[in-house]
Structures are given as C-alpha cells and as structure tokens.
Amino acid sequence: MAKSLGGKLHTKILAGLLLGAALGILANTLLGGHHPFTEWVNHYVAGPLGQVFLRMLFMIVMPLVFASIALGVAGLGDLRRVGRIGGKAVGYFLATTFLAAATGLFFVGVLRPGDAIDAPVKAELMATYAGDASAKLASASGGGFGVHTFVNIVTRNPVKSAVEGDMLGIIFFGIVFGAALTLIPAARAKPMLDLLQSLNDAVIAIVGMAMRLAPYGVTALIFGVTSRFGFALLLPLGGYMLVVLGALLFHAVVNLSLVLRLLVGISPALFFARVRSAVVTAFSTSSSSATLPTALDAAEQGLGVPPKIAGFVLPLGSTMCMNGTSIFEGVTAIFLCQVFGIDLNLVQMTVIVVMSVITAIGAAGVPGGSIPLLAGIVAMFGVPAEGIAIILGVDRLLDMSRTAVNVYGDISATAFVARSEGLWNASMVQDPRQAVPAPERA
Ligand code: ASP
C-alpha cells in the first residue's frame, strides 16, 4: 500500500486552494466574469490542468471500487458478516442523511431566504440560466425512482457498468465476486485474491501520483470557478447561499461532531485532522467519486481503519451517503417553493425531507449530480422544473461545500462501522506509528 498522503501535501493543497481562489477573485474583480483574458487562461491553462487532475482520479475509480469491494467482502469471509456490516453502514447512511435533511429544513423554514427574491430578480435569474436548466433537465431522464432502481443495481454487464460509470452496478458485482471467492477452495481463490490485491495496490499508487498533481490541479479548478463566478448573484441569492452553507457547517460541526464523539468515540478535531486531505479534495473536485481514492487513503492510513472495512463501506458511502446533498436538496426545494409563493404544510415538508434523503442516495457522486433529481422534487410541489435555473449560477460553490460534507460523512460511517465491529478504535489513531498494522484482508 502506498504511503499516506502526508501532512505536507495537504498543506500544499490547501495553499493551492487559497491561491486559486485569491487569483480567481482578483481576476473577476478587475476584469469581470467573462473577460477574454480570463477565458484564455481558463481554456488553455487552468482548464486543462484541472481536467488532467480530475481525469487521473476518475481513471482509477472503477478498478478501485471493484478491487476494494471484492477484497473487502472476501476478507470478511462469510456472507452473513457482509450483510451485517452492510446493514450497519446503510443504517448509518440513512440516519445521518435524515438528520442532515431535517437540519436544512429547520434553517430554511426559520430564515425563509426565498421571501427576499422579488419578481423582477426571479425573472432575470430564470432568463439567464434557462438554457442551463433545460440541459440539466434533459439529463434527468433516468425514469425516476421505483422498483427498477433496485433491479438495475443487479448489473447485466459489469464491463458496461464500468464504462458508463454505473457505480452501484460495479459495487454489486464486486460484492458477488468477493463472496464467490469465499465459496471456492482457498487454494483456487488465492491467485485471484493476489491479483486483486496487486490491482488494488497499483491503483493506490496511481492515487499517489494524482495527488502529487493535486496542489496545481486544485489551484486551477478553483481559479476556474471563482474567475467566472457571477459575484453579482451573491446579492439576491446571498441569503439562500448563507442558509445552505450555514446548515452544512452546522451539520458538520455540531451534528457530526456529536455523532463522532458518541457513536465513533473519537475527538472531532483529531478525526478532522486525519481526514483533512480528503475533505479538501472533495471541496476542490465537487465529486465524491473522484475523492474516493483520497478518502480511502485518509481512512486507512490517516485513521488506521482496516482496509476490509474501509474498502467495503467507503465505495458504498461515496455513492449512497450524501449528507451535504440532502441538506442542499431540502433547503433548495423549500427555497424555490418560497420564491414561487407555494406554502407548504407539515406533511409536504416531511415529504420534502424524505425525498431529499432518497434523492441524496440516488444522486451520482459527480459535480452537479443532484441537480436533475432536485428538479424532480420541486416539480412535485408545483414549482416549474425550470425554476432550478434560479440557483444554477451559484451552484458550483454550493456543490463544492456539500461534497466536502458528503465525504466527511462517508469517512465517519467507515469509522463507525469499524468500531462497532470491534476492529478499530480511536486510541489507534493517537500515534500513527503505534496504530495496529492493517489486518490482512484475506
Ligand atoms: N457533487 C456531489 C458529490 O459528488 C453530488 C451533488 O450533490 O451534486 O458528492
């Protein structure tokens, strides 16, 4: 396994983040949002650099998910144990996502940012982002949520799933494959397990290479966002953004800290220190999937969670556990109802919370992955689906923040499950040199 990403690297990434933001805001202030010079820099320098970094991460997500899940399941040995651990993980995902959505609902219900948007501002925002909205809506033709959502998890063709980025399909195939390896004679299973282990190690080594690019990639990605950002939108949408960001911060700092103390038995400050590089990567990439390799590194090397638990729970979490996204979905749905003058009763609010949880589970861990699903929720309450145009201009900033909370929640789930299985506890984190050696997978 590659060495941990180390303290120096995430200081560099953080420096890159600040530098990119400062340069972007400077360019935006001096030259305006879409100046030809900024566009040139974004097209020929920042864009390509950011893309290369992102692609290095995306390149390895599918082999990593497959290898880590199959090894995790094979390492756990018997299927009942896999079921129990999977059950605990999903229970934790649901409980924290629900808590997150309820927190968002509370903030948006009390502060009512939608009342601040008057008709002319609403019309202007909708006109500006109507094109973007219809593009997002077009991509939402997934057929909604239903029995088929579950049937589709059973992939018909794992290679096709990998090609199409269908993470749940690959997770399912990985589980079945890992389980099958425990059912055949050990001598027969060993070559395949060794192969998977090599694949896993090689992929983790690629993460190391990608992360060396991270400080530059992050600078480029953040510059791209801030240099083009419509800061003029901050005024009318400032209240809404503050509510989303406030609820995200509250969930991360208060709710999850309590959960970490009470259920995971670790000091939130120590936990954060060990997973910081994953949170920063999530913030800069806006993608839980792209952050998965870094999150695995943070959980296994930073916290010392055994790979067979982290390798199983984190890939599941990166697609199913989205605390930040559920806050965003709930707050935005209610905000749009407020803007369109739709009063919600208690039952409808509850429906929004439940839908926020379901769509957060269903959203893909890619930038803007939850937007098409959001359109589905608001449409249920009589807000025109194109109404999401109102918030699209500021979404990237919110996406970065909610993805950071998503990943923070995913890693907390991993620590929770490992502790509840008696395979890990916080004392193993205090001094990394004394951490228990990661137990063998198989
Ligand atoms: N970008 C988010 C993630 O990858 C998904 C979303 O809320 O759009 O976690």
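For the structure, check the block above.
Since this is a predicted model, take the numbers as computed values, not measurements.

All right, on to empty space enclosed by the protein then. Tallied over the entire structure, the rule returns two cavities of 30 Å³ or more. Examining the composition of the lining of the largest cavity, we find that four residues originate from one element, helix 17 (residues 395-420), more than from any other. Class assignment of the residues belonging to the lining of the largest cavity gives a composition of four nonpolar, nine polar and two charged. Approximately 30 Å³ is the volume attributed to the second largest cavity. Together, Ser288, Thr291, Leu292, Ala295, Leu314, Ser318, Val407 and Asp410 line the second largest cavity.

It is worth spelling out the side chain of Arg402 at this point. Along the chain, the position of Arg402 falls in helix 17. Look at Arg402 and you get buried, because its relative accessible area is 1%. Here Asp395 takes part through its side chain, which lies 2.9 Å from a polar atom of the side chain of Arg402. What Arg402 contacts, discounting residues up to four positions off in sequence, is Leu248, Gly324, Thr325, Phe328, Gly368, Ser370, Ile371 and Asp395.

What surrounds the ligand is a group of 15 residues, the closest being Ser288, Thr325, Asp399, Arg402 and Asn406. The contact in question runs from an oxygen atom of the ligand to an N or O atom on the side chain of Ser288, over 2.5 Å. Contact with the protein chains covers 100% of the free accessible surface of the ligand, which is 270 Å². Structurally, the ligand is housed in the largest cavity. Sort the elements by how many residues they give to the shell around the ligand and helix 17 lands first, with four residues. Residues that form the shell around the ligand fall into these classes: three nonpolar, ten polar and two charged.

Each value, and the rule that gives it
- Residues numbered from 1 in each chain as written.
- Predicted model: local features only at pLDDT ≥ 70, side-chain atom pairs only at ≥ 80, totals over all residues.
- Heavy atoms only, no water.
- 1 Å grid on protein atoms, 1.4 Å probe; cavity = no way out; pocket = protein on both sides within 12 Å on 5 of 7 lines; lining within 4 Å.
- Points joined across faces, edges and corners; volume = space filled by probe spheres on them.
- Helix = DSSP H or I, 4+ residues; strand = E, 2+ residues; numbered from the N terminus.
- Nonpolar A, V, L, I, M, F, W, Y, C, P; charged D, E, K, R; others polar.
- Buried < 20%, exposed > 50% of the residue type's maximum accessible area, 1.4 Å probe, protein only.
- Polar contact = N/O pair within 3.5 Å; in protein donor to acceptor, adjacent residues only side chain to side chain.
- Contact = heavy atoms within 4.5 Å.
- Near = heavy atom within 4 Å.
- Areas by Shrake-Rupley, 256 points an atom, 1.4 Å probe, with all protein chains shown as cover.
- Sits in = over half its atoms within 2 Å of the grid points.

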